[in-house]
Amino acid sequence: MNRQILLKSRPIGMPTEDNFEITDAPEPKLTQDDGVILESRFISVDPYMRGRMSDAKSYVPPYQVGEPISGGIIAEVLESNDESLKAGDFVLGNLPWTERQTAKVDTLKKVDDSLAPLGYYLGILGMPGLTAYFGLLDIGRPEAGETVVISGASGAVGSVVGQIAKMKGCHVVGIAGSDEKIRYMIDELNFDEGINYHKTSDMQQSLDVVCPYGVDVYFDNVGGEISDAVLTFINNEARIVICGQISMYNATEQPVGPRPQTLLLKRSALMQGFIVRDYADRFDEGIKTLAKWLKEGKLTYRQTVTHGFENLPKAFLGLFKGENIGKYLVEL
Ligand code: NAP
């Protein structure tokens, strides 16, 4: 039996498992166009997928109701009629959530499981790692001695941002949602300080303690009230990197918060959003550097792995409950 997962309905507010449907899929057969049969091994769940479940205009087209969800997948080649890939090879692709499927060879990238654990190609050596690398170094431009604050700091992107900022000699503060995550950031990732936002009744007061010299770079993964509080600490010429706004992804109304323009003006600060694919022509540079730092032991990385194809919707929903430390993946 082959299975696929479809978008059954568009969520309003927080998605539920009812928005997904697991159905049978036909067994794949090689065609002239589709040169390989693949079996999914690791499937990535990512916050941006929430946006694609809605019908709103964005930088990626929405999923269609009745059609499979798609995203980053590491798959094993089962059969191939193309000489560049053979059975047993592993590939990375943007593919439908299906257990087995055919694919066009030129849409896939071969990955080597002897160089890094396969899941890393969906995390630190993939889209989230590149997001951290370019967002921090190109927009944040941290300098030794500066204070870098990261929200969503223990996840796939945030955990890499903080480690790179430490390599640059910065004072690094991570904000995340549990004591276990704070311990992970300080004990394993070498961050200087951590704030558990669920346990803090006064975010401004907590930030005042851990950012005595203000904030020079804010890497924003979450938005909302956490970011409102961080912004009040920005120094002159601070850089605010708008990477994600996960606290807003399920909002049914746009909340009105403080308007930051006056603050940005008074501090000559930069606030810039970006999408990782803005840097597509530099991906090779990013992957090469991240792989080198990993090999040299300058970066460490965690994954939270759930097992079973049928658990994909639950894992995806877990992103919004803070279930993961590091990259969240489903292994088949
Ligand atoms: P992740 O951090 O591994 O997982 C999501 C985490 O967000 C959860 O573990 C949870 O941790 C936190 N979270 C969930 N709901 C929250 C809320 N209401 N308030 C505060 N925190 C909340 O995910 P990721 O893949 O690394 O992505 C991080 C952010 O970067 C997301 O906003 C994503 O959309 C964005 N992103 C942007 C790009 C780009 O090209 N710009 C690329 C990749 C990712 P806690 O326990 O700490 O709450």
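Now for a description of the structure that goes with this document. By convention here, each chain's residues receive numbers from 1 onward along its written sequence. Reporting in this predicted model follows two pLDDT cut-offs: at least 70 for local features of residues, and 80 or more for side-chain atom pairs to be given and counted; totals over whole chains, interfaces and linings ignore these cut-offs and use all residues. For the side-chain quantities, the full set of heavy atoms in the structure was used; hydrogens and water were omitted.

Considering the pattern of salt bridges
Alright, step 1. Any Lys or Arg side-chain nitrogen located within 4 Å of an Asp or Glu carboxyl oxygen qualifies as a salt bridge. Counted by the stated rule, this structure contains 19 salt bridges.
Alright, step 2. Residues Lys166 and Asp192 are paired through a salt bridge, measuring 2.9 Å at the closest nitrogen-oxygen approach. Placement of the pair is Lys166 in helix α3 (residues 158–167) and Asp192 in the loop between α4 (179–188) and β10 (193–196), with a sequence separation of 26 residues.
Alright, step 3. Partly exposed residues are those whose accessible area sits between 20% and 50% of the maximum for their type, while under 20% is buried and over 50% is exposed, using a 1.4 Å probe and protein chains only. Given a relative accessible area of 30%, Asp192 falls into the partly exposed group.
Alright, step 4. One network of salt bridges, in which partners are shared, links Glu27, Glu39, Arg41, Glu76 and Arg100. The secondary structure listing takes helices from DSSP runs of H or I that are at least 4 residues long and strands from runs of E that are at least 2 residues long, numbered from the N terminus.

What about the pairing of strand β15 (residues 327–331)?
Alright, step 1. Burial runs high along β15: four of the five residues are buried.
Alright, step 2. Here, any two strands with at least 2 DSSP bridges between them count as paired. In this sheet, β15 lies alongside strand β3 (residues 36–44) in antiparallel orientation, the contact comprising three bridges. What sits directly across from Ser44, in β15, is Leu329.
Alright, step 3. Note that strand β14 (residues 303–307) and β15 share five bridges and pair parallel. Within the sheet, the bridge partner assigned to His307 lies in β15 and is Glu331.

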